[in-house]
Amino acid sequence: MTRKDLAELMFPDVTLTKEDYEKKYPTRDLPEGAIVTRCAPSPTGLLHMGNLRSFVIAEKVAKDTNGVFYLRIEDTDGKRTIENGIQKIIDAIHNFDIQIDEGVISQDEQKGSYGPYIQTQRKEIYDAYAKYMIENDLAYPCFCNEEEIEDTRKNQEGRKERIGYYGKYAHCRHMSIDEAYKKIKNGAKYVVRIKSQGDYDKRIVIDDLVKGKVVFPENDIDHVLIKSDGIPVYHFAHIVDDHLMRTTHILRGEEWLSSTPLHLELFKMFGYKPPKYAHLGLVLKVDEDGSKRKLSKRKDPEASLSYYHEKGIPVTAVKLYLMTIANTNFEEWMDHNPDKTMDDFKFSFKKMSASGSLFDLEKLLNISKNYISKLTKEEVYNYALTWAQEFDPDFAKLLQNYKDYSMSIFNIEREQKKPRKDYASFSEIKDQIWYMYDELFVGELDYNFAKINDANEIEEILNTYINEYYDENDDKDTWFNKIKLLTDSLGYCSNMKEYKQNPNNYKGNVADISTVIRVALTTSTMTPDLYEISKLLGKDRLRARFTKAINTIKK
Ligand code: GLU
Ligand code: ZN
């Protein structure tokens, strides 16, 4: 029996060879420096912040270089695959507006000529490569059962030897072809292992784009490449895929760094030039006691992508934030280029933190506030409505019934040089502007009158204002002058400088008077521009609200 016979017996259905695939998936015709990269999630759960960060970076580097960004689904671990797992990945990509050039675009659609992009649909390709390895003495069938593997482990422990299936401990590595052939012919179960050519005493240097030069011993473990059910493991499948999909850069979590020597060995066995590696550090969180740990989907709500959707935090803000933690110079760049978008920034692997990135929700929300402040009133309206339709239908109805009015509310102190930064998310909007809607301005309200809180005094201020001063046709200067006149007429001081010098000569100042009006209209001391609010409400509603306020505090 020859190796070829053994390979035929193991892979009777393989028709194409490694060389055929090489031709079928030719080198891509791309400009110099174009990066071809991918995200290769496993459909084993909901995507989290760490996944999204990889997506954002991969999409960005491909775009920056006129390269290709594709989505591959790594679903060879059937036990961990969840129901609708692929759909969940697609949904997250869709929700976060990630543009893929190639790969899986829906549960049953793929685009691009380097597919299929779902690993379980690529079995015959993997088989061809495994067959090649068997033929060339680079892999072998292993018949060891769990007990035998466990015995080897105990034996190694006893001798204080390194644990693993390698060298003289790799029992089936030393089996004759005839014996292996016979066993398979007789129906024995087996896995396929790499016949490692590595030497543990030799060093291998990985020149990682993020981590720098990292040194490991060469791999000498005869890792399993194909399980007994014929399904390949990640280590093997992704080598074949990344080569045939002509990937130039592998971006992945740092948890894969230590298996890279095995991956490099596989590329070498096939005679392939390995892609460049960028192992991304963990996304970390600082606990209350100051210690750092991995951001956890279980412990940290902000690690889940659904959190942002539910809170109505804009996708762009999340991506901007991810870029600030991905590239240390991005934030400064953004400050210097306030009118540019992320697309104008050039991503650099060199500016990635090798030790991981701290995830700070406060900072993300700040970026979001800034971002929302620069949107137009139409954009805010549309986003707020979309959010409300899903999470607050009553508010959505108000927004729809009062579309122009709502947009005018959003327009207060917007579309100007220093816009007001009031919302970090669309879910906060209602809490901040509820008082602008009569439908919400009902029932027992809690008025937060500040310095002036005597009911009779308030009544006098409000009545005098509405009866003698307020005119909705006034421009802003006239309006404010009238508030000053009102102030002076009631024994308060309209000139702040004068007031500060002689506070005892007055009952209070113009700010105190404005506050009374503001609180009567909104219940709150902190609101956007009072002139705009008054104009939007209109004189009749001003009067009604003053009456409501007076009645409430007189109770
Ligand atoms: N399927 C692997 C994971 O989800 C992908 C690793 C890679 O990008 O190569 O971790
Ligand atoms: Zn074995």
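Look up a bit, the structure's there.
All of these numbers come straight from a predicted model, not from anything done at the bench.

Visitor: Please set out the overall build of the protein chain residue by residue, giving values where relevant.
Guide: For the protein chain, the helix and strand inventory stands at 23 helices and 14 strands. With respect to the three principal axes, the spread of C-alpha positions in the protein chain is 110 × 45 × 45 Å. Buried positions account for 51% of the 555 residues belonging to the protein chain. Restricting to contacts in the protein chain with at least 6 residues of sequence separation, those with at least 24 account for 71%.

Visitor: Could you give an account of the side chain of Thr 487, with specific residues and numbers?
Guide: With respect to the helices, strands and loops of the structure, Thr 487 is situated in helix H19 (residues 476–489). Judged by its relative accessible area of 0%, Thr 487 is buried. Once you skip the residues sitting within four places of it in the chain, Thr 487 turns out to touch Tyr 492, Cys 493, Ser 494, Asn 509, Val 510 and Ile 513.

Visitor: So what's going on with the site of ligand 1? Residues and values would help.
Guide: Around ligand 1, the structure places Arg 38, Ala 40, Pro 41, Ser 42, Glu 74, Tyr 234, Leu 251, Arg 252 and Trp 256. Contact between ligand 1 and Arg 38: an oxygen atom at 2.7 Å from a side-chain N or O atom of the residue. Trp 256 is positioned such that a nitrogen or oxygen atom in its side chain is 3.2 Å from an oxygen atom of ligand 1.

Visitor: Explain the coordination of the zinc ion (ligand 2) to me, and be specific about the residues and the numbers.
Guide: Protein-derived ligands of the zinc ion (ligand 2) are Cys 142 (SG), Cys 144 (SG), Tyr 165 (OH) and Cys 172 (SG), with the metal-ligand distances lying across 2.1 to 2.4 Å. Seen from the zinc ion (ligand 2), its four donor atoms lie at angles of 88 to 125°, and the figure they make is tetrahedral. For the zinc ion (ligand 2), the single-chain donor residues occur in sequence as C-x1-C-x20-Y-x6-C. The exposure classification of Cys 142 matches that of Cys 144, with both residues buried.

Visitor: A description of the sheet that holds strand S6 (residues 191–194) should follow, citing residues and the corresponding values.
Guide: Strand order in the open sheet formed by three strands is S5-S6-S9, and the pairing between neighbours is antiparallel. On the outer flanks of this sheet lie strand S5 (139–142) and strand S9 (224–226), each paired with one strand and no other. Strand-to-strand twist in this sheet, taken as the mean axis angle between neighbours without regard to direction, amounts to 45°. Sheet topology places S5 next to S6; four bridges connect them, and they run antiparallel. Paired with Pro 141 across the two strands is Val 192, which belongs to S6. The strands touched by helix H5 (residues 123–135) are S5, S6 and S9; relative to S5, the strand with the most contacts, the crossing angle is about 100°.

Visitor: Please provide a residue-by-residue account of the environment of Asp 97, values included.
Guide: Along the chain, Asp 97 turns up in the loop between helix H4 (85–95) and strand S3 (102–106). Spatially, the C-alpha atoms of Asp 97 and Val 14 are 39 Å apart, while their sequence positions differ by 83 residues. For Asp 97, the contacting residues outside a window of four places in its chain are Glu 59, Val 315 and Lys 319.

Visitor: Tell me about the sheet that holds strand S12 (residues 283–286), and please be specific about residues and values.
Guide: Reading across the sheet, the three strands line up as S13-S12-S14 and stay open at both edges, with mixed pairing between neighbours. A strand with exactly one partner marks an edge of an open sheet, and here the two such strands are strand S13 (292–294) and strand S14 (357–358). Note that S12 and S14 share two bridges and pair parallel. Opposite Leu 284, over in S14, you have Leu 358 as the bridge partner.

Visitor: For unusual backbone geometry, give the residues involved together with the corresponding values.
Guide: Cis peptide bonds are those with omega within 30 degrees of zero, and the linkage from Gly 115 to Pro 116 qualifies with 0°. Of note, Asn 66 is a non-glycine position whose phi angle comes to about 55°, a positive value. Its place among the elements puts Asn 66 in the loop between helix H3 (49–64) and strand S2 (68–71). Despite not being glycine, Glu 413 has its phi angle at roughly 55°, a positive value. Inspection of the secondary structure puts Glu 413 in the loop between helix H16 (403–411) and helix H17 (429–433).

Visitor: Explain the pattern of salt bridges to me, and be specific about the residues and the numbers.
Guide: Two side chains that carry opposite charge are able to pair once their charged atoms sit near each other. By the definition in use, this model includes 39 salt bridges. Asp 127 is paired through a salt bridge with Lys 123; the nearest N and O atoms lie 2.9 Å apart. Pair noted here: Asp 127 and Lys 123 are both in helix H5, with a separation of four residues, about one helical turn. Taking the relative accessible area as the measure of exposure, Asp 127 reaches 12% and is therefore buried. Judged by relative accessible area, Lys 123 falls into the partly exposed class, the value being 36%. A salt bridge links Asp 300 to Lys 285, with the nearest nitrogen and oxygen atoms 3.6 Å apart. Placement of the pair is Asp 300 in the loop between S13 and helix H10 (305–311) and Lys 285 in strand S12, with a sequence separation of 15 residues. With a relative accessible area of 18%, Lys 285 lands in the buried category. Ionic contacts of the salt-bridge type, sharing partners, join the residues Arg 38, Arg 72, Glu 74, Arg 122, Asp 241 and Asp 242 into one network.

Visitor: Which residues make up helix H22 (residues 530–537), and what are the values?
Guide: Within H22, the full set of buried residues consists of Leu 530, Tyr 531, Ile 533, Ser 534 and Leu 537. The buried residues of H22 occupy one face: seen down the axis, they fall within an arc of 165°. Sitting at the amino-terminal end of H22 is Asp 529, which places a side-chain oxygen 3.2 Å from the backbone nitrogen of Tyr 531. Two residues or fewer after H22 comes Gly 538, characterised by a positive phi angle close to 85°.

Visitor: Talk me through the packing of aromatic side chains; I want residue IDs and the actual numbers.
Guide: As enumerated under the stated definition, the model contains 32 aromatic pairs in all. When the centroid spacing of 4.8 Å and the interplanar angle of 75° are considered together, the rings of Phe 330 and Phe 345 count as edge-to-face. Taken together, the residues Phe 330 in helix H12 (residues 330–336) and Phe 345 in the loop between H12 and S14 connect sequence positions 15 residues apart. Judged by its relative accessible area of 0%, Phe 330 falls in the buried class. Given a relative accessible area of 3%, Phe 345 falls into the buried group.

Visitor: I'd like a description of the packing of helix H21 (residues 510–522) against helix H23 (residues 539–554), backed by residues and values.
Guide: Axis separation between H21 and H23 bottoms out at 8 Å; the angle between their running directions is 95°. Between H21 and H23, the angle falls in the class roughly perpendicular. Side by side, H21 and H23 meet where Ile 517, Ala 520 and Leu 521 of the first sit next to Leu 542, Arg 545, Phe 546 and Ala 549 of the second.

Visitor: Could you give me a rundown of the environment of Asp 360, with the residues and numbers involved?
Guide: In this fold, Asp 360 is placed in the loop between S14 and helix H13 (361–373). By relative accessible area, which is 35% here, Asp 360 ends up partly exposed. Note: C-alpha distance between Asp 360 and Ile 325 (35 residues apart in sequence) is 9.3 Å. Within polar-contact distance, the side chain of Asp 360 engages the backbone nitrogen of Glu 362 at 3.0 Å.

Conventions used here
Residues numbered from 1 in each chain as written. Chains lettered and ligands numbered in written order. Predicted model: local features only at pLDDT ≥ 70, side-chain atom pairs only at ≥ 80, totals over all residues. Heavy atoms only, no water. Helix = DSSP H or I, 4+ residues; strand = E, 2+ residues; numbered from the N terminus. Buried < 20%, exposed > 50% of the residue type's maximum accessible area, 1.4 Å probe, protein only. Contact = heavy atoms within 4.5 Å. Near = heavy atom within 4 Å. Polar contact = N/O pair within 3.5 Å; in protein donor to acceptor, adjacent residues only side chain to side chain. Donors = N, O, S within 2.8 Å, 3.2 Å for Na, K, Ca; no water. Tetrahedral: all angles 85-135°; square planar, octahedral: opposite > 155°, others 65-115°. Pairing = 2+ DSSP bridges. Axes fitted to C-alpha atoms, helices over the stretch in contact; angles between N-to-C directions. Salt bridge = Lys/Arg side-chain N within 4 Å of Asp/Glu carboxyl O. Arc of directions from axis to C-beta. Phe/Tyr/Trp six-rings, centres within 6.5 Å; stacked < 30°, edge-to-face > 60°. Parallel < 35°, antiparallel > 145°, perpendicular 65-115°, else oblique.

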